[in-house]
Structures are given as C-alpha cells and as structure tokens.
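Reading the structure
Okay, here's what each chain looks like letter by letter:
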Amino acid sequence: QVQLVESGGGLVQAGGSLRLSCAASGRTDRTHAMGWFRQAPGKEQEFVSTISWSDRSKFYADTVKGRFTITIDNAKSTVYLQMNSLTAEDTAVYYCAASRPNCGTYGCRAPYEYDYWGQGTQVTVSS
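Below or above, wherever it landed, is the structure these notes cover. No experiment lies behind these values; they were computed from the predicted model shown.

Looking at soluble globular proteins, one finds that nonpolar side chains tend to be buried together. Leu4, Met34, Trp36, Leu81, Met83 and Tyr94 are the most contacted members of the largest nonpolar core, which has 35 residues in total. Ranked by residue count, the leading element in this core is strand β9 (residues 92-99), at five residues. Excluding its chain neighbours within four sequence positions, the residues that come into contact with Leu81 are Leu18, Arg19, Leu20, Trp36, Val48, Ser49, Phe68, Thr69, Ile70 and Tyr94.

See the structure below:
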C-alpha cells in the first residue's frame, strides 16, 4: 500500500551534518504522519522525530531536539531529516516509517503506530 525508500546515510565526522531522505509512494493519503526511528548496535530501537502530512506538526526526541530538523515536501511525498552537530551517540541505522491513518495515545511517537517501514540507512559518526 505504501512504499518507502531511504537515502542519505553515510560516514560523517563528529560535529558534522547529514540529511536523510525518505521518498514515499502509494496511498500516503491513508497515513497520518511520517516518522524516523533509529537503532544503535546493542541498543533498543528509539523514536527520533515525526511530522504530519496535513498540518506539519512536529515532535522530537529529547536526545535530538535542537540538533535535528524534520521536514516534509507534500508535492514530492518526501520526508527529510536534517541532522546537525552529530556525535558518536547518533551512530545507528535510521528507519523512516509511515503511520496509520490516526495515531493513538502516543501521538505517532511509538513504533506500533506505524504500518510501513523503509529498509533503513546506516549513519556512522566518527570521533
């Protein structure tokens, strides 16, 4: 129903920046928001950020607030994650996801509120 293709990951020096992209296709009109999650080696998956298609309301995890910016281009059906001031703690596989038509209690900040997931893109920050 919805397909997601991620790009933009890579190796970057600490303090540097990367921009991740996630191109969505299919019935995105049946999803409420796009989100980013990440999983570092040996750690659990964590929420990073989310943005709604309609009003572009945004939420960020405390760990990335002030450094990361999520944006969405409705015409291109693409969501972006601009990552600045990167540290080694940001090293992870980053996944974009498309939510269900309506999010529940956790406001599109929980993995179970997402129906579709991208393949993941590796972000490695060197010290």
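Next comes the rest of the account.
Time to look at the packing of aromatic side chains. Tallied over the full model, the rule gives four aromatic pairs. Centroid distance Phe37 to Phe47: 5.7 Å. Interplanar angle 70°. Geometry classified as edge-to-face. Placement of the pair is Phe37 in strand β4 (residues 33-39) and Phe47 in strand β5 (residues 46-52), with a sequence separation of ten residues. Phe47 matches Phe37 in its accessibility class, with the two residues each being buried. Relative to Trp117, the ring of Phe37 lies with its centre 5.2 Å away and its plane at 50°, an arrangement referred to as tilted. Of the two residues, Phe37 sits in strand β4 while Trp117 sits in strand β10 (residues 114-117), which places them 80 residues apart along the sequence. You can call Phe37 buried: its relative accessible area is 1%. Connected via pairs of aromatic rings, a cluster forms that spans Phe37, Phe47, Tyr114 and Trp117. In this structure, Arg109 packs its charged tip against the face of Phe59, placed 4.0 Å from the ring centre.

Rules and cut-offs
Residues numbered from 1 in each chain as written. Predicted model: local features only at pLDDT ≥ 70, side-chain atom pairs only at ≥ 80, totals over all residues. Heavy atoms only, no water. Core = buried A, V, L, I, M, F, W, Y, C linked by side-chain atoms within 4.5 Å. Buried < 20%, exposed > 50% of the residue type's maximum accessible area, 1.4 Å probe, protein only. Helix = DSSP H or I, 4+ residues; strand = E, 2+ residues; numbered from the N terminus. Contact = heavy atoms within 4.5 Å. Phe/Tyr/Trp six-rings, centres within 6.5 Å; stacked < 30°, edge-to-face > 60°. Lys NZ or Arg CZ within 6 Å of the ring centre and 35° of its normal.

That's the geometry; what it means functionally is another story.
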